[in-house]
Protein chains: 2
Amino acid sequence: MSRFPFQRLQSELAELIARTPPGGRLPSEPELAKLLGVSRATLREAMRTFETQGLIRRRQGSGTYVVGRVSVFESGLEVLESLETLARRMGLSLRVSDLVVERVFANQELADIFASPLAMPLTRVRRVMWTEERPVAYLVDMLPEEVLKAEQLPDDFGGSVLDFLLDRGDPLTVARAAISAIGAPPDVAKALQIQRGDVLLHFTSRLYDTSGRVVDYALSYFIPGYFHFHVVRRVVANSR
Amino acid sequence: MSRFPFQRLQSELAELIARTPPGGRLPSEPELAKLLGVSRATLREAMRTFETQGLIRRRQGSGTYVVGRVSVFESGLEVLESLETLARRMGLSLRVSDLVVERVFANQELADIFASPLAMPLTRVRRVMWTEERPVAYLVDMLPEEVLKAEQLPDDFGGSVLDFLLDRGDPLTVARAAISAIGAPPDVAKALQIQRGDVLLHFTSRLYDTSGRVVDYALSYFIPGYFHFHVVRRVVANSR
DNA sequence: TATTCACAAGTTGTCAGACAAATTCTCGCG
DNA sequence: CGCGAGAATTTGTCTGACAACTTGTGAATA
């Protein structure tokens, strides 16, 4: 539960929308506002965010309707959430194995990414995520030691660096993820118990805080078919 | 000039944001509202849409700031644009080959996607996109014949069904793309001149119009490394 | 001089209430 | 049964207000 009305609103609305069948109508704005304990103006701002994402559609005089979506089991990429959170929403449970937290030093590439000097100390967190006795993802996070020291990770670390930073209250804003497909490199193949060169979905993410600094550089490797990532793409109007 | 205040507002705001250098501050809300001739409530709703898209950041007590737009506009997946348009912006030129436009009939899967009866006639457009003597993408679009008949495609068809529909003025709204990685199926491998099983990035897209109907179901296969797809992910608080 | 603290001014966040505009429903009337 | 006028409902927009937060200023202090 968040401290700020707007964020709480967003998650409650997201839940409500997820519960409503495609094409279904949401309660009217005055009703919803009362139900959620906010003013209509604030409610409308929250609704706009979902409209921007294409999840709902509003028709003056008629109501607000949930747009047909493929499945609740899919994750929209425009919202950054941890695999754990995603899995919980899907009714799955994720397990962590082969957790390795180590201290490394920035090479040229990493120094560029973090806009830091060469050899800056970093904390690298590697682990394999399992669901139902099967490895499905291999995750590597790298963070400046000023942001995260190895000792700070709790013993019951669930596998999500993002959740840890959020719970700690870090002022995170957005992440930028590059999406590609690759054949499994040897170390990843070994961790995921697949063959070298097998197909993997690959994200390379930079997580930013409010000051625009990169606080986490993450490499994610997913075995296709276990997680369904999708994105809503806006059609831009003709410029005139 | 649009008929509706909100749409006019959006384009004027978009312009203002585009004019403001990254990190720059926008005028205060009361000022902007007066300047644009709307109430502060309406203005805030419009601002929310840009905040959702990661273009601006608001800080209570301080102001509203423009986020570095390079990261967002470069080739973000949140905006749907044709490969042609994208390639032109990246300074590449795309060529089309092996264009096949044919009439097919919906099987059960396609009928579900289009919410249509079985065996509904569809127009299927397949082609290979080349850049610099090398095939880089294989695209398949399927549209109800009511939306697009084979004869309607011009002789100089550039390879983008999306551009064609937009130029024609179709009321398109959003597309949903599912992202995954696959090994090349035989037919795709042949078209792209690669080996069966080679790694491909794969999008499955549904394009919607204003009535919420699926007007285009598209399969896209990309050879990794030629197009850089990325997405901006908003951080939201945990819901627990 | 340098530092700290209180405070005022400015900005975003939220609220309540009102009316306009569009849609949908109801019901009387032919 | 069909149709149209009007009522009811719902989203769109506006106004004014206050709360919460940030920032700069300047006086008081070490």
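For every chain, the first residue of its written sequence is number 1, and the numbers climb from 1 along that sequence. For naming, the first written chain is A and the first written ligand is 1, with later ones following in the order written. Given that this is a predicted model, residues contribute local features only at a pLDDT of at least 70 and side-chain atom pairs are listed and counted only at 80 or more, while totals for whole chains, interfaces and linings are drawn from all residues. Calculation of side-chain values draws on the structure's entire complement of heavy atoms; hydrogens and water are dropped beforehand.

A.B. asks: It is not clear to me how the protein's contact with DNA strand D should be interpreted in this structure. Could you clarify?
C.D. replies: Not every one of the 24 residues close to DNA strand D is listed here, only the nearest: A:Glu29, A:Arg40, A:Arg44, B:Ser39 and B:Thr42. Distances are taken per atom, and a residue is near a molecule or strand as soon as one of its heavy atoms is within 4 Å of it. Of all atoms in DNA strand D that approach within 4 Å of the protein, 68% are sugar or phosphate atoms. What qualifies as a polar contact is a pair of N or O atoms within 3.5 Å, subject to a donor-acceptor requirement within protein and to the restriction that residues adjacent in sequence count only when both atoms come from side chains. A distance of 2.8 Å is found between a phosphate oxygen of DNA strand D and a backbone nitrogen or oxygen belonging to A:Glu29. At a separation of 2.7 Å, a base nitrogen of DNA strand D approaches a polar side-chain atom of A:Arg40. In this description a helix means any DSSP run of H or I spanning at least four residues, a strand means any run of E spanning at least two, and both kinds are numbered starting from the N terminus. Those elements that provide at least two residues to the surface near DNA strand D are α3 (40-52), β1 (56-59) and β2 (63-66) of chain A together with α1 (5-19) and α3 (40-52) of chain B. With three residues, α3(A) is the single largest residue contributor to the surface near DNA strand D. Residues are sorted three ways: Asp, Glu, Lys and Arg are charged, Ala, Val, Leu, Ile, Met, Phe, Trp, Tyr, Cys and Pro are nonpolar, and all the rest, Gly among them, are polar. In the surface near DNA strand D, the residues fall into three nonpolar, 12 polar and nine charged.

A.B. asks: Hey, could you run me through the packing of aromatic side chains in this one?
C.D. replies: Describing an aromatic ring pair means giving the distance of the ring centres and the angle of the ring planes. Residues and elements named next belong to chain A. Geometry of aromatic contacts follows a simple scheme: Phe, Tyr and Trp rings, the Trp one being its six-membered ring, pair when their centres are within 6.5 Å, and the pair is stacked under 30 degrees between planes, edge-to-face over 60, tilted otherwise. Under the defined criterion, the tally for this structure stands at eight aromatic pairs over all chains. Summarising the aromatic geometry, the rings of Tyr138 and Tyr221 are spaced 6.0 Å apart at their centres and angled 35° between planes, so their arrangement reads as tilted. Of this pair, Tyr138 sits in strand β7 (residues 134-144) while Tyr221 sits in strand β10 (residues 214-222); the two residues are 83 residues apart in sequence, bridging distant segments of the chain. Comparing Tyr138 with Tyr221 shows no difference in burial state: the two are buried. Taking 4.9 Å as the distance between ring centres and 55° as the angle between the ring planes, the aromatic pair formed by Phe222 and Phe229 counts as tilted. Each member of the pair, Phe222 together with Phe229, is buried. What links up through ring pairs into an aromatic cluster is the set Phe203, Phe222 and Phe229. Between buried and exposed lies partly exposed: a residue is buried under 20% and exposed over 50% of the maximum accessible area for its type, with that area taken using a 1.4 Å probe on protein chains only.

A.B. asks: I'm lost on the confidence of the model for chain A in this one. Help?
C.D. replies: Low-pLDDT stretches of the model should not have their predicted coordinates read in fine detail. Residue and element names in this part refer to chain A. Model confidence for chain A is summarised by a mean pLDDT of 83, while 86% of its residues fall at 70 or above. Residue-level confidence of the predictor is what pLDDT reports, using numbers from 0 through 100. For chain A, the element scoring lowest by mean pLDDT is strand β3 (residues 74-76), at 55; helix α7 (residues 186-192) scores highest, at 95. Per-residue pLDDT stays below 50 along residues 70-74; that stretch engages in seven contacts with residues further than four places along the chain or on separate chains. Two residues form a contact once any of their heavy atoms are found within 4.5 Å.

A.B. asks: Which parts of the structure should I look at to understand helix α6 (residues 161-168) of chain A?
C.D. replies: An α-helix turns once every 3.6 residues. As a result, residues three or four positions apart point the same way. All names here are of chain A. Burial analysis of α6 places six of its eight residues in the buried class, the great majority of the element. Every buried residue belonging to α6 is among Val161, Leu162, Asp163, Phe164, Leu165 and Leu166, and all of these are buried. With a side-chain oxygen positioned 3.4 Å from the backbone nitrogen of Leu162, the residue opening α6 is Ser160. Where α6 ends, the next residue or the one after it, Gly169, has phi of about 95°, a positive value.

A.B. asks: Would you take a moment to explain the protein's contact with DNA strand C for this structure?
C.D. replies: Around DNA strand C lies a shell of 24 residues, among which A:Ser39, A:Thr42, B:Glu29, B:Arg40 and B:Arg44 are the nearest. For DNA strand C, the fraction of atoms within 4 Å of the protein that belong to sugar or phosphate moieties is 67%. Within the side chain of A:Thr42, one N or O atom sits 2.9 Å away from a phosphate oxygen of DNA strand C. Between DNA strand C and B:Glu29 there is a distance of 2.8 Å, counted from a phosphate oxygen to a backbone nitrogen or oxygen. Contributions of two or more residues to the surface near DNA strand C are made by α1 (5-19) and α3 of chain A together with α3, β1 (56-59) and β2 (63-66) of chain B. The biggest single contributor to the surface near DNA strand C is α3(B), with three residues. Here the surface near DNA strand C is built from residues that sort into three nonpolar, 12 polar and nine charged.

A.B. asks: Sorry, what's going on with the pairing of β1(A) here?
C.D. replies: For a regular strand, the rule is simple: side chains alternate between the two faces of the sheet. Residue and element names in this part refer to chain A. Only one face of β1 is buried, namely the one carrying Ile56 and Arg58, since none of Arg57 and Arg59 on the opposite face is buried. Strand direction decides the pairing type here: β1 and β2, joined by four bridges, are antiparallel. Along β2, the bridge assignment pairs Arg59 with Gly63. Following DSSP output, two strands are said to pair if at least two bridges run between them. The hairpin turn running from β1 into β2, its antiparallel successor, is three residues long, and Gly61 in that turn takes a positive phi close to 85°.

A.B. asks: How do you make sense of the pattern of salt bridges when you look at a structure like this?
C.D. replies: Working definition: two side chains of opposite charge can pair if their charged atoms are close together. Any Lys or Arg side-chain nitrogen found within 4 Å of a carboxyl oxygen on Asp or Glu counts as a salt bridge. In the structure shown here, the tally under the stated rule is 26 salt bridges over all chains. Residue A:Glu29 is joined to A:Arg58 by a salt bridge in which the shortest nitrogen-to-oxygen separation is 3.4 Å. Highlighted residues: A:Glu29 in helix α2 (residues 29-36) and A:Arg58 in strand β1, separated in sequence by 29 residues. A residue is classified by how much of its surface remains accessible, and A:Glu29, at 11% relative accessible area, is buried. Among the residues examined, A:Arg58 registers a relative accessible area of 16% and is labelled buried. Between B:Glu102 and B:Arg126 there is a salt bridge, and its shortest N-O distance comes to 2.9 Å.

A.B. asks: Would you take a moment to explain the environment of A:Val67 for this structure?
C.D. replies: With respect to the helices and strands, A:Val67 occurs in the loop between β2 and β3. We classify A:Val67 as buried; its relative accessible area is 17%. Sequence spacing of A:Val67 and A:Gly23 is 44 residues, and the spatial spacing of their C-alpha atoms is 5.6 Å. What A:Val67 contacts, discounting residues up to four positions off in sequence, is A:Pro22, A:Gly54, A:Leu55, A:Ile56, A:Arg57 and B:Arg176.

A.B. asks: What's the story with the nonpolar core in this structure? I'm lost.
C.D. replies: Soluble globular proteins: nonpolar side chains tend toward being buried together. Here, nonpolar core means buried Ala, Val, Leu, Ile, Met, Phe, Trp, Tyr and Cys residues that are tied together by side-chain atoms lying within 4.5 Å of each other. The biggest cluster of nonpolar side chains holds 34 residues, and the ones touching the most others in it are A:Leu83, A:Leu201, A:Phe222, A:Phe227, B:Leu83, B:Leu201 and B:Phe222. For A:Leu201, the residues in contact, after removing those within four places along its chain, are A:Ile179, A:Ser180, A:Ser220, A:Tyr221, A:Phe222, A:Phe229, B:Ile179, B:Ser180, B:Ala181 and B:Leu201. The next biggest cluster of nonpolar side chains, apart from the first, holds 26 residues, and it includes B:Ala106, B:Trp130, B:Val188 and B:Tyr208.

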